[in-house]
Amino acid sequence: MLDFYYMLYSAPCRSILMLAQALGIELNKKQVDLDAGDHLKPDFLKLNPQHTIPTLVDGDFALWESRAILLYLVEAYGKDDALYPKDPKQRAVVNHRLFFDLGTLYQSYVYYYYPQLFEDVKKPADPENFKKIEAAFAAFNTLLEGLKYAAGDKLTVADFPLLTTVSTFEVTGYDFSKYSNVTKWYETAKKEVPGWEENWEGCLYYKKLYLSEL
Ligand SMILES: N[C@@H](CCC(=O)N[C@@H](CS)C(=O)NCC(=O)O)C(=O)O
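Residues numbered from 1 in each chain as written. Predicted model: local features only at pLDDT ≥ 70, side-chain atom pairs only at ≥ 80, totals over all residues. Heavy atoms only, no water.

A.B. asks: Report on the packing of helix α1 (residues 11–23) against helix α8 (residues 196–210), specifying residues and quantitative values.
C.D. replies: The geometry of α1 relative to α8 is characterised by a closest axis approach of 9 Å and an angle of 165° between their N-to-C directions. Here α8 runs roughly antiparallel to α1, going by the angle between their axes. Every pair of crossing elements has a handedness; the one defined by α1 and α8 is right-handed. Contact with α1, carried on its side by Arg14, Leu17, Met18 and Gln21, involves Trp196, Glu198, Asn199, Gly202 and Cys203 of α8 and no other residues of that element. Looking at the contact of α1 with α8 residue by residue, the class counts come to four nonpolar, three polar and two charged. (Axes fitted to C-alpha atoms, helices over the stretch in contact; angles between N-to-C directions. Helix = DSSP H or I, 4+ residues; strand = E, 2+ residues; numbered from the N terminus. Parallel < 35°, antiparallel > 145°, perpendicular 65-115°, else oblique. Left-handed = near helix turned anticlockwise from the far one by under 90°. Contact = heavy atoms within 4.5 Å. Nonpolar A, V, L, I, M, F, W, Y, C, P; charged D, E, K, R; others polar.)

A.B. asks: Could you give me a rundown of the pattern of salt bridges, with the residues and numbers involved?
C.D. replies: Counting across every chain of the model gives nine salt bridges. In this structure, Lys123 engages Glu119 in a salt bridge whose closest nitrogen and oxygen atoms are separated by 2.4 Å. Of the residues examined, Lys123 reaches a relative accessible area of 43% and is grouped as partly exposed. Since its relative accessible area comes to 30%, Glu119 is described here as partly exposed. (Salt bridge = Lys/Arg side-chain N within 4 Å of Asp/Glu carboxyl O. Buried < 20%, exposed > 50% of the residue type's maximum accessible area, 1.4 Å probe, protein only.)

A.B. asks: I'd like a description of the domain arrangement of the chain, backed by residues and values.
C.D. replies: Domain boundaries in the chain define domain 1 (2–77) and domain 2 (88–211). The centre of domain 1, based on its C-alpha atoms, is set 20 Å off from the matching centre of domain 2. Tallying the contact residues gives 19 residues for domain 1 and 26 residues for domain 2. Where domain 1 abuts domain 2, roughly 1900 Å² becomes buried across the two surfaces, and 66% of that area is made up of carbon and sulfur atoms. Note that Arg67 is salt-bridged to Asp101, the shortest N-O span being 2.9 Å. The interface formed by domain 1 and domain 2 contains eight residue pairs in polar contact (both at pLDDT 80 or more). When residues of the side of domain 1 that touches domain 2 are traced back to their parent elements, those giving at least two are α1 and α3 (66–77). (Domains from an automatic or database assignment. Buried area = accessible area lost by both parts, 1.4 Å probe. Polar contact = N/O pair within 3.5 Å; in protein donor to acceptor, adjacent residues only side chain to side chain.)

A.B. asks: Could you give me a rundown of the nonpolar core, with the residues and numbers involved?
C.D. replies: Core analysis: the largest hydrophobic core is formed by 70 residues, its most contacted members being Leu19, Leu73, Leu105, Phe137, Phe140, Val157 and Trp185. Sorting elements by how many residues they give to this core places helix α4 (residues 88–117) first, with 10 residues. Inspection of this core shows a minimum of three residues originating in each of domain 1 (2–77) and domain 2 (88–211). Excluding residues within four positions of it along the chain, Trp185 makes contact with Phe140, Leu144, Lys148, Tyr149, Ala150, Asp159, Leu162, Leu163 and Val166. (Core = buried A, V, L, I, M, F, W, Y, C linked by side-chain atoms within 4.5 Å.)

A.B. asks: Describe the pairing of strand β2 (residues 27–31), and please don't skip the residues or the numbers.
C.D. replies: Alignment of strand β1 (residues 2–6) against β2, held across five bridges, turns out to be parallel. Note on β2: the bridge partner recorded for Leu2 is Leu27. Between the parallel pair β1 and β2, the chain is carried across by α1, and the sense of this crossover is right-handed. (Pairing = 2+ DSSP bridges. Right-handed = clockwise from strand over helix to strand, strands pointing away.)

A.B. asks: Lay out the site of the ligand in plain terms, naming residues and giving numbers.
C.D. replies: Lining the immediate environment of the ligand, one finds Ser10, Pro12, Leu34, His39, His51, Thr52, Ile53, Pro54, Glu65, Ser66 and Arg67. The separation between an oxygen atom of the ligand and a polar main-chain atom of Ile53 is 2.8 Å. In the environment of the ligand, a nitrogen atom lies 3.0 Å from a nitrogen or oxygen atom belonging to the side chain of Glu65. Against a free-state accessible area of 510 Å², the protein chains account for coverage of 71% of the ligand. Across the shell around the ligand, the residue classes tally to four nonpolar, five polar and two charged. (Near = heavy atom within 4 Å. Areas by Shrake-Rupley, 256 points an atom, 1.4 Å probe, with all protein chains shown as cover.)

Below you can see the structure in the form of structure tokens.
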């Protein structure tokens, strides 16, 4: 059984919960309460010195960084290569979407919203950083032109973190309706991903805990 250290409100954790359902993997879920400092306790630091969730433990192997965990799960436990195609070019597109999510789309959320939500002294919204969100959504909208899913005509591992990212924007109140390819993809992909309801429940939990000041 795989140990999964997580909180449902955490976006990177939610992508893994959905993928685990898609792969039919049972996770031994262990909550790590960040507000109570569980992640800084010695036992957790022994597993993950970077003290982040999600963290996965498979036997004597511990792994963190959500997209690395997603790839480990599809490679180690996927029954075939449907979610992570072996063809180098198709795989490169899937990787591109994962890195785009990490470095551009979710990162634009971090730049704009985190200072308003998570710093000891909260900062006002910075319009320059809002432009980064608009640029990231515009880029994603262009990437999706002519595609049903994030990386082509089939659902892949890349759709999972992108769904958690976009759902986090949605619950935060960011209006992305003008990006028609994004809204079309979002409506299609979320219906196909098992565990979407749990992801949305996590979004609402996140909203209740952290978004009241926006
Ligand atoms: N890029 C990482 C981000 C992980 C991350 O920052 N997780 C947050 C919760 S959403 C966390 O564990 N924060 C506690 C800390 O950094 O000490 C991933 O995708 O796994």
